[in-house]
Every structure is written in C-alpha cells, then in structure tokens.
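Listed here are the chains, written in short residue letters.
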Amino acid sequence: MGKIEHLLTNSYEKKITKSTYFQNRLFKLFCLFSVLILGLTLLSIIIFVGRTGLLVFKDVSFQEFFFSTTWEPYDDKFGAAIFILGTLALTGLTLLFAAPISIGVAIFTAEIAPKWLKRILRPVLDLLVGIPSIVYGYLGLTVLIPFLRNITGATMGDGLLAAAIVLNIMVLPTISRISDDAISSVPSDLREASYALGSTRMQTILKVILPSAAPGLFTAVILGMARSIGETMAVVMVIGNTPQLPSDLLTPTAVLTSNIVNQIIDVEFDSTWNHALYMMAFLLLLISNLLIIIIRKLRLKGA
C-alpha cells in the first residue's frame, strides 16, 4: 500500500512540475512576444516618421530648413528655425519656473508638512496630473491671457509667457510627485545621523536629503520637460500660432507642436510642405527619445 501511495505521489508531483514548467514557458513566450510587438511598433513609427521627414531635403536644403526663419509654404520657403528656437525657448522658460517650484512643493510635502496635510496634498497632486491638457489650455485662453493683457497693457497677451505659465501648471504635479517619492525614499538613517551631529532641518534637507535624492529629482525634471516639449493643445490655445521670432514674452509666436497641428490638415501627403511637417515631428521624436535615454542612465546610477 505504501509503494502505491509513493508511486501516486511521484506521478502527481511530476504532473505538477510539467504543468508549472509549461505555464512558465508560456508566460515567458508571451512576455517576449509583447516586447517584440512593442519594439516593432516603436521602430515602425521612427522609420515611417523619419523616412517621410527626410524627404523634405530633396527640395529644401539642410541649411535652409534648420537655419532660415522664413516659413512661407505657399512660396516654397520652409525655414523651421523659428519653431525650433520657439520650442527651445518655451522649454527653457518652463524649466526655469517649474523645476524650483515643483521641488519646493516636494520638499514641503515629504519633509515639512504634517501627516494630515500630506494625506491631502498627495491625492490632490495625483488628480492634477490626470486633468486633460485642453482644460488647462482653455483656462489659459479665457482667464490667463485676459489677466496678462490687463496687467501688462499688451495688445494680445498670448505668447511665450502665457504658454510657459500654462505648461508650468501642467508639469508641476508630475515633477512634484516624482520628486516627493525620490525624497521619501532617502533612508531615515541619513536624517537621524544628520540630526545627531547637530544639523538643523534646513541643513539636513540641503546637505543630506537633496544630494541623496538628486538622481530622482533630475529624473522628475526631465520627465516634466518631456511632457512640456510634446504638449500640443494647451500650447496651441495660448501661444498665438504666428510664425515669427518674438520680440518679447508677450509677442505671439509658434513652436513645433503648434505649427504641426495647425497646418497638417491643409497639406497633401506627398508635398514638400507635408514632408517639412513630418521632419518637425521627427525632431520632437528624437528629443523625446533622448530624454528617455538620459532618464535610463540616471536610473542606472541609482535613481
């Protein structure tokens, strides 16, 4: 009887082992298939957008496209320097506003605010992240621009300043929440050691916590900038959409995203105009991928 039970047990264990092996194998194949599909999709997008965009250089010189400020498609003039400079200026202005404010909010939430306030701030920031960008753009169009006109006396009020303020409000929750997580993940032993040496709260934050959380903070800022660079609808509604170099922060101008969304409907697919717009999209794609690579490098260093 004992031998029969032993044989049955061994047979049952073998069946379980085979079943588990099959399930694990199937799961690995599924994961591999998913990764391949994702990689092929991303590669197809890059190849299609890049190949279509590079066709612009059949009719437009490299120098004209990147360094000319004359964008007059009906006269076959496709100088994209205005939009490239506008994108860089808007991103830099947004970074100037968003980074210090967002990190300050994160420091307050993680290190200073009482527990009851943390339980309110963190869900509020999470909700702000999920608000559609068109809502921010509409508020900027109906509230912010009239306000800027009233306090500055500007004729229009739209331009880089309005777009930067709207983007700052949009990316602030994202940067703040990721920075909050980075600061909260700093080991409590470091805080206790700093206080044991006689450091104040401010000294501990500036000298111990922020340096330890620096990779995570940089990751948060880069993710925020990646969102601001690719933002379209909110920017279109407040920047003015005029292909000109702005003389000040309240002069209507345009960036890569706003120019693409405003003109892509009116062009033929095989035209030079369409190829120029695809080249702008390809530039945005390259910038986004570059930012993702930077984030990956930071994570490998301990972010």
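Everything in this summary refers to the structure shown in the same document. In this text the structure is predicted, and so the values were computed from the model without any measurement.

Basis of the calculations
Residues numbered from 1 in each chain as written. Predicted model: local features only at pLDDT ≥ 70, side-chain atom pairs only at ≥ 80, totals over all residues. Heavy atoms only, no water. Buried < 20%, exposed > 50% of the residue type's maximum accessible area, 1.4 Å probe, protein only. Helix = DSSP H or I, 4+ residues; strand = E, 2+ residues; numbered from the N terminus. Axes fitted to C-alpha atoms, helices over the stretch in contact; angles between N-to-C directions. Parallel < 35°, antiparallel > 145°, perpendicular 65-115°, else oblique. Left-handed = near helix turned anticlockwise from the far one by under 90°. Contact = heavy atoms within 4.5 Å. Nonpolar A, V, L, I, M, F, W, Y, C, P; charged D, E, K, R; others polar. Core = buried A, V, L, I, M, F, W, Y, C linked by side-chain atoms within 4.5 Å. Phe/Tyr/Trp six-rings, centres within 6.5 Å; stacked < 30°, edge-to-face > 60°. Salt bridge = Lys/Arg side-chain N within 4 Å of Asp/Glu carboxyl O.

**With respect to helix H10 (residues 256-263)**
Line of reasoning, step 1. Within H10, six of the eight residues are buried, which leaves the element mostly enclosed by the surrounding structure.
Line of reasoning, step 2. Among the residues of H10, those classed as buried are Leu 256, Thr 257, Ser 258, Asn 259, Ile 260 and Gln 263.

**Some details on the packing of helix H6 (residues 160-184) against helix H8 (residues 201-230)**
Line of reasoning, step 1. Between H6 and H8, whose axes approach to 8 Å, the crossing angle comes to 150 degrees. Accordingly, the angle class assigned to the pair H6 and H8 is roughly antiparallel. Note that H6 runs across H8; the crossing there is right-handed. Residues Leu 167, Met 170, Val 171, Thr 174, Ile 175, Ile 178, Ser 179, Ala 182 and Ile 183 of H6 lie in contact with H8, whose contacting residues are Ile 209, Leu 210, Ala 213, Gly 216, Leu 217, Ala 220, Val 221, Leu 223, Gly 224, Met 225, Arg 227 and Ser 228.
Line of reasoning, step 2. Tallied by class, the residues present in the contact of H6 with H8 amount to 15 nonpolar, five polar and one charged.

**As for the nonpolar core**
Line of reasoning, step 1. Phe 65, Trp 71, Phe 83, Met 279 and Met 280 are the most contacted members of the largest nonpolar core, which has 29 residues in total.
Line of reasoning, step 2. Counting only elements with at least two residues in this core, the list comes to helix H2 (62-67), helix H3 (81-112), H8, H10 and helix H11 (272-300).
Line of reasoning, step 3. When residues of this core are assigned to their parent elements, the largest contribution, twelve residues, is made by H11.
Line of reasoning, step 4. When neighbours within four sequence positions are excluded, Trp 71 is seen to be in contact with Lys 77, Phe 78, Gly 79, Phe 83, Pro 243, Asn 259, Gln 263, Trp 273, Ala 276, Leu 277 and Met 280.
Line of reasoning, step 5. With 21 residues, the next largest nonpolar core counts Leu 144, Ile 145, Ala 163 and Val 166 among its residues.

**Some remarks on the packing of aromatic side chains**
The geometry of an aromatic ring pair is captured by the separation of the ring centres together with the interplanar angle, meaning the angle of the planes.
Line of reasoning, step 1. If you walk through the whole model with that rule in mind, you get eleven aromatic pairs.
Line of reasoning, step 2. Both rings, one in Phe 57 and one in Phe 62, keep their centres 5.8 Å apart while their planes meet at 35 degrees; by these two values the pair is tilted.
Line of reasoning, step 3. You can call Phe 57 partly exposed: its relative accessible area is 26%.
Line of reasoning, step 4. For Phe 62, a relative accessible area of 53% gives the class exposed.

**A few points about unusual backbone geometry**
Line of reasoning, step 1. Positioned with a positive phi, Asp 76 is a non-glycine residue whose angle comes to about 60 degrees.
Line of reasoning, step 2. As for its position among the elements, Asp 76 is in the loop between strand S1 (71-72) and strand S2 (77-78).
Line of reasoning, step 3. With a phi angle near 55 degrees, Asn 241 is a residue other than glycine that sits in the positive phi range.
Line of reasoning, step 4. Within the secondary structure, Asn 241 is located in the loop between helix H9 (233-238) and H10.

**Side note on the pattern of salt bridges**
Line of reasoning, step 1. Taken as a whole, this structure holds five salt bridges when the rule is applied.
Line of reasoning, step 2. For Asp 126, the salt bridge is made with Arg 177, and the minimal N-O distance between the two is 2.8 Å. In this pair, Asp 126 is assigned in helix H4 (residues 115-129) and Arg 177 in helix H6, connecting sequence segments 51 residues apart.
Line of reasoning, step 3. The closest approach of N and O atoms between Asp 180 and Arg 177, which form a salt bridge, is 3.0 Å. In this pair, Asp 180 and Arg 177 both sit in helix H6, three residues apart, roughly one turn of the helix.
Line of reasoning, step 4. The buried category is assigned to Arg 177, whose relative accessible area is 17%.
Line of reasoning, step 5. When salt bridges with common partners are traced through the structure, they connect Arg 122, Asp 126, Arg 177, Asp 180 and Asp 181 into a single cluster.

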